[in-house]
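# Descriptive structure summary
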Amino acid sequence: MGEIVNLRKVRKRKDREEAAERAGQNRVLHGMPKAERTVLAARKEKTSRALDQHRLETGEGE
C-alpha cells in the first residue's frame, strides 16, 4: 500500500520552493549596485558601437 501524503504540507512545500526560486531570480536582477549597472551598461554600449563601426555596408539588399 502507498504512503499517506498530507496534501496541505506538499502544497506548502511547493509554494516555499517556488518562492525561494523567485527570490533567487530577484537577487540576480536587483542585487547589483547602481554603479555596477551603469558600468555594465556603458561597456555594452561601447561594444555595440565598436561592432557597428566595423560593419561593412555593401548597399545590396536595400
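Scoring rules and cut-offs
Residues numbered from 1 in each chain as written. Predicted model: local features only at pLDDT ≥ 70, side-chain atom pairs only at ≥ 80, totals over all residues. Heavy atoms only, no water. Helix = DSSP H or I, 4+ residues; strand = E, 2+ residues; numbered from the N terminus. Rg over C-alpha atoms; globule rule 2.2 N^0.38 Å. Buried < 20%, exposed > 50% of the residue type's maximum accessible area, 1.4 Å probe, protein only. Lys, Arg positive; Asp, Glu negative; His and termini not counted. Charge placed at Lys NZ, Arg CZ, Asp CG, Glu CD.

- The name given to the protein chain in an unreviewed UniProt entry is DUF4169 family protein, with Rhodoplanes azumiensis as the source organism.

## With respect to the overall build of the protein chain
- Secondary structure assignment for the protein chain yields two helices and zero strands.
- Computed over C-alpha atoms, the radius of gyration of the protein chain comes to 24 Å, more than 25% over the 11 Å expected from 2.2 N^0.38 for 62 residues, which places it beyond the range of a compact globule.
- Structurally, the protein chain occupies a C-alpha span of about 75 × 35 × 15 Å along its principal axes.
- By residue count, 0% of the 62 residues in the protein chain fall in the buried class.
- Here the protein chain holds 16 positive side-chain charges and 11 negative ones, and the gap between their average locations is 13 Å.

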